[in-house]
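Structural features, examined
Read off the chains here:
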Amino acid sequence: LLVLDVIFLTVGENLVSPSTLVLISRLAPQSRRGEYFGSYSAVSSFASPAVTLTGVYVLSIFSHRPLAVWTVVAILALSSVPLLLKGRKITLESGR
């Protein structure tokens, strides 16, 4: 089960990461791209362990109710769709 989880997370990261980097490169002014990429890297480097620790904590509390945990995860994932669509719209409008 853990192996499947790691595979699932890796595939998800490999799908999202290139899109995020393209969005940053299109939105950032040419003279400040390094700054934008550095900020993204700093935030994602900080967030990754924080999210892992939070996830482990939540699972330890709600381990007897996995459906509740995955329902919340699904709601959070679906709520990100409007943000992704907004980012796509901004990218298309920027014309780069």
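So, how was this worked out
Residues numbered from 1 in each chain as written. Predicted model: local features only at pLDDT ≥ 70, side-chain atom pairs only at ≥ 80, totals over all residues. Heavy atoms only, no water. Helix = DSSP H or I, 4+ residues; strand = E, 2+ residues; numbered from the N terminus. Rg over C-alpha atoms; globule rule 2.2 N^0.38 Å. Areas by Shrake-Rupley, 256 points an atom, 1.4 Å probe, with all protein chains shown as cover. Lys, Arg positive; Asp, Glu negative; His and termini not counted. Charge placed at Lys NZ, Arg CZ, Asp CG, Glu CD. pLDDT = per-residue confidence, 0-100. Salt bridge = Lys/Arg side-chain N within 4 Å of Asp/Glu carboxyl O. Buried < 20%, exposed > 50% of the residue type's maximum accessible area, 1.4 Å probe, protein only. Axes fitted to C-alpha atoms, helices over the stretch in contact; angles between N-to-C directions. Parallel < 35°, antiparallel > 145°, perpendicular 65-115°, else oblique. Left-handed = near helix turned anticlockwise from the far one by under 90°. Contact = heavy atoms within 4.5 Å. Nonpolar A, V, L, I, M, F, W, Y, C, P; charged D, E, K, R; others polar. Polar contact = N/O pair within 3.5 Å; in protein donor to acceptor, adjacent residues only side chain to side chain.

Let us look at the overall build of the protein chain. What the protein chain contains, in helices and strands, is four helices and zero strands. Starting at the N terminus, the α and β elements of the protein chain follow one another as α-α-α-α. For a compact globule of 96 residues, the expected C-alpha radius of gyration is about 12 Å, and the protein chain comes in at 16 Å, more than 25% above that figure. Summed over all atoms, the accessible surface of the protein chain reaches about 7900 Å², with 73% contributed by carbon and sulfur. On the protein chain, the mean spot of the 8 positive side-chain charges and the mean spot of the 4 negative ones are 10 Å from each other.

Turning next to the confidence of the model for the protein chain. Any residue range with low pLDDT should be treated as having predicted coordinates unsuitable for detailed reading. Across the protein chain, the average pLDDT comes to 85, with 97% of residues at 70 or higher. Put simply, helix α4 (residues 81-94) is where the protein chain has its lowest mean pLDDT, 80, and helix α2 (residues 33-61) is where it has its highest, 88.

Okay, the pattern of salt bridges next. Applying the stated criterion to the full structure yields one salt bridge. A salt bridge links arginine 32 to glutamate 35; its shortest N-O distance comes to 2.8 Å. What makes arginine 32 partly exposed here is its relative accessible area of 37%.

We now examine the packing of helix α1 (residues 2-27) against α4. For any two helices packed against each other, one specifies the crossing angle of their axes together with the interaxial distance. The N-to-C vectors of α1 and α4 enclose an angle of 40°; their axes lie 10 Å apart at closest approach. Judged on the interaxial angle alone, α4 and α1 are oblique. The handedness of the crossing between α1 and α4 comes out as left-handed. Touching Leu23, Arg26 and Leu27 of α1 are Gly87, Ile90, Thr91 and Ser94, all from α4. The residue makeup of the contact of α1 with α4, split by class, is three nonpolar, three polar and one charged.

Structurally, leucine 85 can be placed in helix α4. You can call leucine 85 exposed: its relative accessible area is 53%. In this structure the C-alpha to C-alpha distance between leucine 85 and alanine 47, which are 38 residues apart in sequence, comes to 22 Å.

Turning to the environment of threonine 71, a few remarks are in order. Here threonine 71 shows up in helix α3 (residues 66-79). Remark: the alpha-carbon pair of threonine 71 and alanine 28, spanning 43 residues in sequence, is separated by 35 Å. A distance of 2.6 Å separates a polar atom in the side chain of threonine 71 from the backbone oxygen of leucine 67.

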